[in-house]
Amino acid sequence: MQAIRRFILQEHRLVFLFCMAVMMGPAIATLFAFDLSQSQDCYSYLGLAHFDFYQNPVRRFRVLIPFVAAVINKLFGSVFSKLAPSYFSGDFGLPFSFFVVNISLMSYYGVLIYRYCKLYGLSTIVSLFGLLVMLTCRYTSYTAALPMADSLFCVVVAMVLLGLKEKNTGMLMVAIFLGPFAKEAFIFIAPLIFFYSHI
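Since the model is a prediction, treat every value here as computed from it, not as a measurement.

Moving on, we get to the packing of helix 5 (residues 93-119) against helix 7 (residues 138-145). Angle between the axes and distance between the axes are the two parameters that describe a pair of packed helices. As a packed pair, helix 5 and helix 7 sit with axes 6 Å apart at the nearest point and diverge in direction by 130°. The angle between helix 5 and helix 7 falls in the class oblique. Counting all contacts with helix 5, which are made through Pro95, Phe99, Asn102, Ile103 and Met106, the residues of helix 7 involved are Thr140, Thr143, Ala144 and Ala145.

Turning next to the pattern of salt bridges. Within the structure shown, the criterion is met by 4 salt bridges. Its salt-bridge partner being Arg59, residue Asp41 comes within 2.7 Å of it at the nearest N-O pair. Linking Asp41 in helix 3 (residues 40-49) with Arg59 in the loop between helix 3 and helix 4 (64-81), this pair joins segments that are 18 residues apart in sequence. For Asp41, a relative accessible area of 29% gives the class partly exposed. The shortest N-O distance in the salt bridge between Arg115 and Glu166 comes to 3.0 Å.

A word on the side chain of Thr140. In this fold, Thr140 is placed in helix 7. Residue classification places Thr140 among the buried positions, given a relative accessible area of 3%. If we ignore the near neighbours within four places in the chain, the residues touching Thr140 are Met23, Met106, Met134 and Leu135.

Attention now goes to helix 9 (residues 169-182). Here helix 9 is 14 residues long and its end C-alpha atoms lie 19 Å apart, about the 20 Å a rise of 1.5 Å per residue gives. At Ile176, helix 9 shows its strongest bend, of approximately 25°, with the proline Pro180 following within four residues. Buried within helix 9 are the following residues: Met171, Leu172, Ala175, Leu178, Gly179 and Ala182. Buried residues belonging to helix 9 abut helix 4, helix 5, helix 8 (150-166) and helix 10 (190-196). Regarding helix 9, its N-cap is Asn168, as a side-chain oxygen of that residue lies 3.2 Å from the backbone nitrogen of Gly170 further along.

Here we take up the packing of helix 3 against helix 4. The geometry of helix 3 relative to helix 4 is characterised by a closest axis approach of 8 Å and an angle of 60° between their N-to-C directions. With respect to helix 4, the element helix 3 is oriented oblique. You can see that helix 3 and helix 4 cross each other, and the crossing is right-handed. Touching Tyr45, Leu48 and Ala49 of helix 3 are Pro66, Phe67 and Ala70, all from helix 4.

The rules we used
Residues numbered from 1 in each chain as written. Predicted model: local features only at pLDDT ≥ 70, side-chain atom pairs only at ≥ 80, totals over all residues. Heavy atoms only, no water. Axes fitted to C-alpha atoms, helices over the stretch in contact; angles between N-to-C directions. Helix = DSSP H or I, 4+ residues; strand = E, 2+ residues; numbered from the N terminus. Parallel < 35°, antiparallel > 145°, perpendicular 65-115°, else oblique. Contact = heavy atoms within 4.5 Å. Salt bridge = Lys/Arg side-chain N within 4 Å of Asp/Glu carboxyl O. Buried < 20%, exposed > 50% of the residue type's maximum accessible area, 1.4 Å probe, protein only. Expected span 1.5 Å × (residues − 1). Bend = angle between axes of the 7 residues up to and from the residue. Polar contact = N/O pair within 3.5 Å; in protein donor to acceptor, adjacent residues only side chain to side chain. Left-handed = near helix turned anticlockwise from the far one by under 90°.

Laid out in structure tokens, this is it:
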């Protein structure tokens, strides 16, 4: 029991849970209310999760989140479908699988922001306040809720900035690998690694 308590009460895990708790309400409300059929972005990523690669040529290479969501839907989709509100049209299992992936990634993004703030000597309270600025942004709830892949790009950008500050080789290598699959805009982030990192 003590080991479990120590595991849960570790600082960064508490921040992760804090981020998820703050985003959960607005994000789930967004998922319930948003008409997915009206968004070409959502249509493309849902198609990729069904392994349909005849999608928008810009988005069809962002496969990591759709593939993970597809696996989660395969395992738990039937359970997720029972959680769907009566007014939700269409399949709910796959969009909710995207929700699980994206809110987890955005919570981890929050942990990275918190760590970045702490590296600059900010107190815990001030770091959490800075974190709340991101968590309560309208775009954050959309990123966490909808079948899109922007959450991974947010994580990659934060990993690059934190990796540079901490001189964390492993974090930078992961960012280099994930970046091209997250978003093509990584090409504008990559020079930071090449010119300012220690590797």
